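# Observations on the three-dimensional arrangement
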Amino acid sequence: MCKYLVIIFMIAITTSARADYIFELASEYEVEDEPWGAICLDTGYFNDDAYPDFAVAYYGAEDSYLYTFIGNGDCTFDMLTTDMFDYSLGSITVNDFDNDGYDDLLIGEGYAGGGGGIYHKLLIHLYTGNGDGTFTELDTLHVMNVWITSGDLNADGNNDLVVSGYESGSSTVSVRLGNSDYTFQDTESYEIPGSTFHTLQILGDMNLNGNVDIGAICFDGSIRFLYGNGDGTFQAPVSVVNYFPCGPSYCFLDSGDFNEDGMPDFVATCGAIAADYDIVFIWCGTGYGQSDLLTSAGEWVEVEDFNLDGHLDVAISTCLGSIVYPGLGDGSFSHEADSLLFLYTEYVTYGMISEDFDLDGDYDLIFNEEYPYKPAYIRCYGNTTINLGVEEDELGPISNLILEVSPNPFSSSVTVSASGFFSNPSDLQIFDLSGRLVSEIEPVFNGSEAVYHWDGRSETGAEFPDGIYSARFSSTAVMLLKLE
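Every chain's residues receive numbers from 1 upward, in the order its sequence appears when written. In keeping with the model being predicted, local features are shown solely for residues with a pLDDT of at least 70 and side-chain atom pairs are shown and tallied solely at 80 or more, while totals for entire chains, interfaces and linings include all residues. Note that the side-chain values use all heavy atoms of the structure and ignore hydrogens as well as water.

### So, the overall build of the protein
- Working definition: helices are DSSP H or I runs of at least four residues, strands are E runs of at least two. Numbering for both runs from the N terminus. For the protein, the count of helices and strands is 1 helix and 39 strands.
- Across the 484 residues in the protein, those meeting the buried criterion constitute 58%.
- Of the contacts made within the protein by residues no fewer than 6 positions apart, 50% connect residues no fewer than 24 positions apart.
- Carbon and sulfur atoms make up 47% of the accessible area of the protein, which totals about 19,200 Å². Whether a residue is buried, partly exposed or exposed follows from its accessible area with a 1.4 Å probe, protein chains only, as a fraction of its type maximum: under 20%, in between, or over 50%, in that order. Note on contacts: a residue pair qualifies if any of its non-hydrogen atoms lie within 4.5 Å across the two residues. Per-residue and other accessible areas follow the Shrake-Rupley method at a 1.4 Å probe size, with only the shown protein chains counted as cover for residues.

Put into structure tokens, the structure is as follows:
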């Protein structure tokens, strides 16, 4: 596989510069205007132009709608003709379920409504992607569901289905392993006491044993993890937080190493009104402890390094608007008004996704924004971090830093040469855009130059996928590297 390494931009990390202007409204699209009972968004690739796309499902009092948005690579989209359905649209998940290179779409009919009511439904609708941004309903799966999500749980290259269900007072998480042909194998279901609070998330490897884990927020106030065994089966649910007050609306989990100690942490949103606070939980060696409080009305959550300073940030949509909290790298987040990356959206927000929609190396945000009985909008806010950069005087003592990369493109290894340091250079740390440290490279000195060689792999030889990576020299400079 030929790999291309491109230096897109170099910035210095500063903590004093204002950051609340990095998001700008790039595009908006008016959709149906009625009070919606459920709004769900998910990203994917629906055609072969390599630009990220996304789907939006609405379930209202009378009608259900599905919109697909085909990306143009510049934070604008072509909104395809709306499909209207006579069944409820509770949750959606986008993935390639037949390995043909085009993402498909699953729609679960079950959902959780306001006031904590749970509406469990029997059917999940499977739509195959046609490769041109349109979908065709292929089949229905008879699985009792409240919330669905998907991902490769056993590392076999096929996408699997995870379903939360609720029936007769018993809540379960069931896993259906994909066969890459739109069919799924039944596996064991896992009962969760206290009943799952309608959403569950695939969190990645939370206990660092190399396997994918699942997290769920429960009605009894607990947060429970199902630790994976690597073969698509999971251990019995374990309560990692015994008391987390949550409200009547969507609650979500997302993970990241917020205090940069090498152990995964997570953030939990509280579910809009009549709740407590969104809480950041940090691994403390024997369990999780609270490290910060965010909004008191959070629903959807995305964890990314939005301002590319090397620290993970948290974006949260609420019934009062949306906000992004800049991470400080110690498990806490800035709450100062002049440091918030993104203040309030114009309308109430009931959904959010993040992706690099303009392929410039930083994460953009899309919200569903609405106000009761007025038109709802899908709005895309472009991240301008790559374009803004920093002022020359903010570079301080590293302003003479010179970087060279060769060869470009590369197929086996790349060399980064650095000179002009004000002190002895540290190792070159390679991070993916989730903030995960994927490789650390010691310098080889050639006179006054520090030379780093990277073969696109980890220290253990694992090859990394194509994408944007940040190469960081300690805490003084960051350059963005694109691996294709």
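### Re the nonpolar core
- Among buried residues, those of type Ala, Val, Leu, Ile, Met, Phe, Trp, Tyr and Cys that are joined through side-chain atoms within 4.5 Å constitute a nonpolar core. Within the largest apolar cluster, 44 residues are counted, with the highest numbers of intra-cluster contacts made by L105, I107, F258, V267, L294, V314 and L365.
- When neighbours within four sequence positions are excluded, F258 is seen to be in contact with D265, F266, V267, V280, I282, V303, L312, V314, G329, D330, G331 and F333.
- Counting residues in each nonpolar core, the second largest holds 18 residues, with I39, Y65, F69 and A376 among its members.

### Looking at the side chain of D103
- Position of D103 relative to the elements: it lies in the loop between β8 (91–95) and β9 (104–108).
- The definition of a polar contact used here is a pair of N or O atoms within 3.5 Å, where within protein one atom must be able to donate a hydrogen and the other to accept one, and adjacent residues in sequence count solely through side-chain atom pairs. Among the polar contacts listed, one links the side chain of D103 to the backbone nitrogen of Y45, at a separation of 2.8 Å.
- Here D96 takes part through its backbone nitrogen, which lies 3.1 Å from a polar atom of the side chain of D103.
- Sequence-distant contacts of D103, that is, excluding residues within four places in its chain, are made with G44, Y45, F46, V94, N95, D96, G129 and F135.

### Quick notes on the side chain of H125
- You can see H125 is positioned in strand β12 (residues 121–129).
- Overall, the relative accessible area of 5% leaves H125 in the buried class.
- A distance of 2.6 Å separates polar atoms of two side chains, one belonging to H125 and the other to E109.
- Discounting chain neighbours no more than four positions away, the residues touching H125 are Y87, L105, L106, I107, E109, E137, D139 and T140.

### Considerations on the environment of L253
- Along the chain, L253 falls in strand β22 (residues 253–256).
- Placed 15 residues apart in sequence, L253 and A268 show a C-alpha to C-alpha distance of 4.6 Å.
- Filtering out sequence-adjacent residues up to four positions away, L253 remains in contact with Q201, L203, G215, A216, I217, I223, F266, V267, A268 and V301.

### Re the sheet that holds strand β31 (residues 376–383)
- Pairs of strands are assigned from DSSP output, requiring at least two bridges between the strands. Strand order in this open sheet of 4 strands is β2-β31-β30-β29, and the pairing throughout is antiparallel. Edge positions in the open sheet fall to β2 (23–31) and β29 (348–355), since each of these has one partner strand only. For this sheet, the mean angle separating the axes of adjacent strands, direction not counted, is 20 degrees.
- Where β29 meets strand β30 (residues 364–370), 6 bridges bridge the pair, whose relative direction is antiparallel. Each residue of the ladder has a partner; that of E355, found in β30, is D364. Orientation is described by lines fitted to C-alpha atoms, with helices fitted over the stretch in contact, and by angles between N-to-C directions that extend from 0 to 180 degrees.

### Structural notes on unusual backbone geometry
- Although it is not a glycine, E260 adopts a positive phi angle of roughly 55 degrees.
- Within the secondary structure layout, E260 lies in the loop between β22 and β23 (265–268).
- The exposure class assigned to E260 is partly exposed, which follows from its relative accessible area of 36%.
- Of note, L359 is a non-glycine position whose phi angle comes to about 55 degrees, a positive value.
- Taking the relative accessible area as the measure of exposure, L359 reaches 35% and is therefore partly exposed.

### Side note on the pairing of β31
- Taken across its 8 residues, β31 has 8 buried, putting it largely inside the fold.
- With burial as the criterion, each face of β31 is covered, one bearing A376, I378, C380 and G382 and the other bearing Y377, R379, Y381 and N383.
- Where β2 lies against β31, 8 bridges are found, and the strand directions are antiparallel. Paired with F23 across the strands is N383, a residue of β31.
- One ladder, built from 5 bridges, connects β30 with β31; its direction is antiparallel. Opposite L365, over in β31, you have Y381 as the bridge partner.

### Some thoughts on the pattern of salt bridges
- Any carboxyl oxygen of Asp or Glu that lies within 4 Å of a side-chain nitrogen of Lys or Arg is treated as forming a salt bridge with it. With the rule as written, the count across this model stands at 3 salt bridges.
- For R379, the salt bridge is made with E28, and the minimal N-O distance between the two is 2.7 Å. On the criterion of sequence distance, the pair formed by R379 in strand β31 and E28 in strand β2 is long-range, its members being 351 residues apart.
- Residue R176 pairs with D186 through a salt bridge whose shortest N-O separation is 2.5 Å.

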